[in-house]
Amino acid sequence: MIRLALIGCGRIATKKHTEAIIKNKGFFDLVAVVDPVKEKAENIANIIENAGLKRPEVYTDYNEVIKREDIDMVTIATESGYHYQISIDAMTNNKHVLVEKPMALSTKDMDHMIQLSKEKDLKLGVCFQNRFNPPIQEMRKKLENGEFGNLLHGQISIRWNRNKSYYEQAPWRGTWKLDGGTLMNQCTHGIDLLQWTFGEIEEITGRIENFNHPYIEAEDFGSAIVKFKNGAVGIIEGTANVYPKNLEETLSVFGEKGTVVIGGLAVNKIETWRFENEDSHPFQNLPDPDTVYGAGHVPLYRDFYDSIVNNRKPYVSGEDGKRAVEIVLAIYKSSKEGKPVKFPFEFSTEEMKEYFKKVKE
């Protein structure tokens, strides 16, 4: 059993990380839960205990937990802006780290996390759970078997709704210091899938706007044209302005010998599946998940367990986690500078604060 501490007991921890831990009960022992708001940590402890598992100890300071020698790994599900420092502190204390997206908010911080995990020979995984969606896995098989032929172009469209009450629930949301906007918070899962499908990036031209959320610092809409190194072109569209509720998250992949569109609420349903001698797929009738988070945290946790036990990279590694955030940072940088951004580059969300304030004014 891997002995685990969960740091951050808010919305995603309550809805998905507890489910993943409970459903992987033969592989993980949740030893401790941590949150500055003790009631939140107590709530998670109650959920675990009510599921018939041993009640974890409750803490308000993660520094006390990461020094415990009886803990093998930590899951970090705090506000995004704290992911970097907690990850570094945990790995410094020889803990494997599974961190929620985005893994950090600057290219330098992500590089530091990846480098430290290598130096300490620790596993660093990132929660891009939609990679485990059955339709995505089916498409991945076609991709790895070369059945698309040359990839031509693709698009990710995240058309969701986030209203004022969503941001009022947690004041860190929509801030440049601790979050970023729609692209960084809501859209990184889809952006990860686009990049995972098409490969390394040469340059990005992006634009962001705040159309309808004047009470947040960052964007509620973003778009970009991506030039991949293999010659393919990608289109990114992300918005939190869809009225009156979430509409879709759709990935479209166009190759010389295949066309696939995976949509639904959260890239969970095959809408188009066309290859030679194939014009449909059983997963075209899958229902939408209960929430946009989907059901991928359960296999994500199991994979992370296997990566520790078998000493291999997690299916979604630190390097994987960096790529999606890097794309968002490139869109921010391109919008700020008014020109394409070539890879590699350095940038941070905090570099957007004064610029975007002036744009909104």
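A quick note: this is a predicted structure, and the numbers were derived from the prediction, not measured. In every chain, residue numbers begin from 1 and rise along the written sequence. For a predicted model such as this one, the threshold for reporting local features is a pLDDT of at least 70, and the threshold for listing and counting side-chain atom pairs is 80 or more; totals across whole chains, interfaces and linings nevertheless cover every residue. Only heavy atoms go into the side-chain values, all of them from the structure, while hydrogens and water stay out.

## Description of the overall build of the protein chain
Regarding its fold elements, the protein chain presents 12 helices and 14 strands. Over its C-alpha atoms the protein chain spans a radius of gyration of 20 Å, differing by no more than 12% from the 21 Å that the globule rule assigns to 361 residues. Each principal axis of the C-alpha atoms in the protein chain carries an extent, and together these give about 55 × 55 × 45 Å. Sequence-distant contacts, at least 24 apart, represent 70% of the contacts inside the protein chain between residues at least 6 apart. Under the DSSP-based scheme used, a helix requires at least four consecutive residues in state H or I and a strand at least two consecutive residues in state E, with every element numbered from the N terminus. Note that the radius of gyration is over C-alpha atoms, with the globule rule given as 2.2 Å times the number of residues to the power 0.38. Here, residues are in contact when the closest pair of their heavy atoms is within 4.5 Å.

## Observations concerning the pattern of salt bridges
The term salt bridge refers to a pairing of a side-chain nitrogen on Lys or Arg with a carboxyl oxygen on Asp or Glu at a separation within 4 Å. Tallying each qualifying case throughout the model produces 30 salt bridges. Residue K23 is joined to E19 by a salt bridge in which the shortest nitrogen-to-oxygen separation is 3.2 Å. Placement of the pair is K23 and E19 together in helix α1 (residues 11–23), with a separation of four residues, close to one helical turn. Buried, partly exposed and exposed residues are distinguished by accessible area as a fraction of the type maximum, computed with a 1.4 Å probe on protein chains only: under 20%, between the cut-offs, and over 50%, respectively. What makes K23 exposed here is its relative accessible area of 55%. For D279, the salt bridge goes to R274, with nearest N and O atoms at 3.6 Å. Comparing D279 with R274, the two get one shared label, exposed.

## A few points about the side chain of N24
In this fold, N24 is placed in the loop between α1 and β2 (28–34). In this structure N24 touches V298, Y301 and R302, once residues within four positions along its chain are discounted.

## So, the environment of V34
Following the sequence through the fold, V34 ends up in strand β2. When the C-alpha positions of V34 and A20 are compared, they lie 17 Å apart, and in sequence the two are 14 residues distant. When near neighbours in sequence (up to four residues on either side) are disregarded, V34 contacts L6, I7, G8, C9, A41, Y59, T60, D61, Y62 and V65.

## A look at the packing of α1 against helix α10 (residues 297–309)
It is at 8 Å that the axes of α1 and α10 come closest, and there the two elements cross at 55 degrees. Between α1 and α10, the angle falls in the class oblique. The two elements α1 and α10 cross, and the hand of that crossing is right-handed. Within the contact between the two elements, α1 uses I12, K16, H17, E19, A20, I21 and K23 and α10 uses H297, V298 and Y301. Residue classes in the contact of α1 with α10 are distributed as five nonpolar, two polar and three charged. Each axis is a line fitted through C-alpha atoms, and for a helix only the stretch in contact is used; angles between axes span 0 to 180 degrees, taken between their N-to-C directions. Should an angle fall under 35 degrees it is called roughly parallel, over 145 degrees roughly antiparallel, and 65 to 115 degrees roughly perpendicular, with every other angle called oblique. For any helix crossing, the convention is left-handed if the near helix is rotated counterclockwise from the far helix by under a right angle, and right-handed if that rotation is clockwise. The residue classification treats Ala, Val, Leu, Ile, Met, Phe, Trp, Tyr, Cys and Pro as nonpolar and Asp, Glu, Lys and Arg as charged. All others, Gly included, are polar.

## Comments concerning the packing of α1 against helix α2 (residues 38–50)
Where α1 contacts α2, the two axes come as close as 10 Å, and the packing angle between them is 35 degrees. Relative to α2, α1 is oriented so that their crossing is right-handed. Residues A13, T14, T18, I21 and I22 of α1 form the contact with α2, whose own contacting residues are N43, I44, I47 and I48. The residue inventory of the contact of α1 with α2, partitioned by class, reads six nonpolar, three polar and no charged.

## Digging into the sheet that holds strand β6 (residues 124–127)
Strand pairing is assigned whenever DSSP detects at least two bridges linking the two strands. The strand order across the open sheet formed by six strands is β3-β2-β1-β4-β5-β6, and the pairing between neighbours is parallel. The open sheet terminates on both sides in strands that have one partner only, identified here as β3 (57–59) and β6. If you compare each strand with its neighbour and ignore which way they point, the axes differ by 25 degrees on average. Pairing between strand β1 (residues 2–7) and strand β4 (residues 73–76): four bridges, direction parallel.

## Considerations on the nonpolar core
The definition of a nonpolar core used throughout is a set of buried Ala, Val, Leu, Ile, Met, Phe, Trp, Tyr and Cys residues joined through side-chain atoms within 4.5 Å. Core analysis: the biggest nonpolar cluster contains 107 residues, and M113, L183, I236, L251 and Y332 have the highest contact counts within it. Of all the elements, helix α11 (residues 318–337) adds the most residues to this core, at eight residues.

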